[in-house]
Amino acid sequence: MVKLYVLPCAGYDRPGGAITRAVAERIAAEDEEVTIGSVASLSAERPGEMRSLLSSPVIVIDGCSMNCARKIAETRGARNVQTVDVTQHTDPQDPEEKRVEAVIKVVREILRESRERPASPKRETTATTAAPEAGAPEENDLSIRVDKFTMTVRRGYHYSDNDFWVSVEGDLVRVGATDVLQQMVSDIYYVELEEVGKTVELGDDAGRLESTKTAMEIIIPISGTIVECNERLVDSPELINESPYDEGWLYVMRPTDLTELELLKNAEEYLEYAAAKARKELERQTSGGGDS
Amino acid sequence: MTSESEPEKTFMGVDRTKIPWWPRIDYDRCDGCGGEYDCLKFCPHHVYRPLENPTRIEVENPYNCVVFCKACQKMCPQDAISFPEKSEILRLIKAERARG
Ligand code: SF4
Ligand code: SF4
């Protein structure tokens, strides 16, 4: 039995990205041997995700020329990767549904071929045979789909109403921007971070983001002193888009008062809040003639 | 039926209308950007309303403003926009929650 790993890209907010997601979901629905991969989980090198990636033939679906899905699959050591580039198989003028159909056809074809050919010699993965684990990376992530947005939250994190997250790591906390924020602001091309040593209060701004759609302050979700900044964001601000809960983190802080976590939402609560927010955003876009 | 206004109803579990966070306009400075209304153009949350003769800006929907957001402040060429102290607001939120 050949398992197949289908990886849609991380550009949820771009037209092409939404298509890759829809295609992966449809393919997985009709073919139980297909596992949908997650760019975010690959970035984090989650054991279950790595295992799926390395032990299966991989079909990558990229929605735009950034090819983020292919790149991450390759850097994570996937062999046997086939890439489907949405832009090559569809006309951007076509309605989304038609484009999805066109891409599904291409993917089905690849699936058939890979089944006819004997599977590559069985490889035991030596990479990450981690502790007992259910296998699916989704065990940590919750998702909800609202129209073209598929929003993900990470279980166990705490969320502010300003769309930032906090994760407790021993005495310290790590903070970052949520997937929801990342999708609302779209491609982030500039990040300015506050300096290590600075003490900030919940609600203070510390640094800022600029994206193709807007500019905004980073609103700190918990009071404390900054002990580390994610320096990688200076050169690679897109990490916030690609991996909001992992590689795209913003600060590590020493919290002043951990009881402030009570002010924040848990994953389930935040997901609900985020869905309502996304619906509103969509309404605004459709009524206001929104973005193009 | 829809939950469209859900996000703005409460902030951190506190009734949004109990949190006095919105832009304060200094009318000695605001000139409506000569009809350009930069703050209005910038903010997507329908907080502002433009006035004419003379041109200036008004906060029409204060509770649409995102608590702790100050993004429009930097857009103002006249430096006419200010906000309450964040620490005050935070204290108030904590107190409201403690009251339950
Ligand atoms: S940006 Fe400043 S000057 Fe312009 S309308 Fe707004 S408050 Fe007035
Ligand atoms: S502070 Fe933010 S939400 Fe409030 S009016 Fe300004 S830009 Fe809009």
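A.B. asks: For the overall build of chain B, give the residues involved together with the corresponding values.
C.D. replies: A count of helices and strands for chain B gives three helices and six strands. When its helices and strands are written in sequence order, chain B yields α-β-β-β-α-β-β-β-α. Counting the 100 residues in chain B, one finds 34% classified as buried. Taking as baseline every contact in chain B between residues at least 6 positions apart, the subset at least 24 positions apart corresponds to 61%. Of the roughly 5700 Å² that chain B leaves accessible, carbon and sulfur atoms contribute 48%.

A.B. asks: Describe the overall build of chain A, with residues and values.
C.D. replies: The secondary structure content of chain A amounts to 10 helices and 15 strands. Taken across its 292 residues, chain A has 55% of its residues classed as buried. Contacts in chain A between residues far apart in sequence, at least 24 positions, make up 68% of those at least 6 positions apart.

A.B. asks: I'd love a proper account of helix α6 (residues 96–116) of chain A, names of residues and values included.
C.D. replies: All names here are of chain A. Between its first and last C-alpha, α6 extends 31 Å over 21 residues, near the 30 Å set by a 1.5 Å rise per residue. Among all positions of α6, only Arg99, Val100, Val103, Ile104, Val107, Ile110, Leu111 and Ser114 are buried. For α6, the buried positions fall inside an angular range of 135° around the axis, keeping them on one side. Along α6, exposed side chains directed more than 90 degrees from the buried face belong to Lys105 and Glu116. Buried residues along α6 sit against β1 (4–8), α1 (15–30), β2 (34–36), β3 (58–62), β4 (81–85) and α5 (86–89).

A.B. asks: Pulling in residues and values, what's your account of empty space enclosed by the protein?
C.D. replies: All names here are of chain B. As enumerated under the stated definition, the model contains three cavities of 30 Å³ or more in all. Here the largest cavity is characterised by a volume of approximately 90 Å³. If you trace the largest cavity, you find 13 residues lining it, with Cys30, Cys33, Cys39, Ile57 and Cys76 closest to the centre.

A.B. asks: For the confidence of the model for chain A, give the residues involved together with the corresponding values.
C.D. replies: Looking at chain A as a whole, the pLDDT averages 84, with 88% of positions reaching at least 70. Ignoring residues within four places in sequence, the model shows residues 119–138 of chain A, a span with pLDDT below 50, making 26 contacts including any to other chains.

A.B. asks: I'd like to hear about the site of ligand 2, residue by residue, with values.
C.D. replies: Neighbouring residues of ligand 2: Pro23, Cys43, His45, Val47, Tyr48, Cys65, Val66, Cys69, Lys70, Cys72 and Phe83 of chain B. Class assignment for the residues of the shell around ligand 2 results in nine nonpolar, one polar and one charged.

Rules and cut-offs
Residues numbered from 1 in each chain as written. Chains lettered and ligands numbered in written order. Predicted model: local features only at pLDDT ≥ 70, side-chain atom pairs only at ≥ 80, totals over all residues. Heavy atoms only, no water. Helix = DSSP H or I, 4+ residues; strand = E, 2+ residues; numbered from the N terminus. Buried < 20%, exposed > 50% of the residue type's maximum accessible area, 1.4 Å probe, protein only. Contact = heavy atoms within 4.5 Å. Areas by Shrake-Rupley, 256 points an atom, 1.4 Å probe, with all protein chains shown as cover. Expected span 1.5 Å × (residues − 1). Arc of directions from axis to C-beta. 1 Å grid on protein atoms, 1.4 Å probe; cavity = no way out; pocket = protein on both sides within 12 Å on 5 of 7 lines; lining within 4 Å. Points joined across faces, edges and corners; volume = space filled by probe spheres on them. pLDDT = per-residue confidence, 0-100. Near = heavy atom within 4 Å. Nonpolar A, V, L, I, M, F, W, Y, C, P; charged D, E, K, R; others polar.

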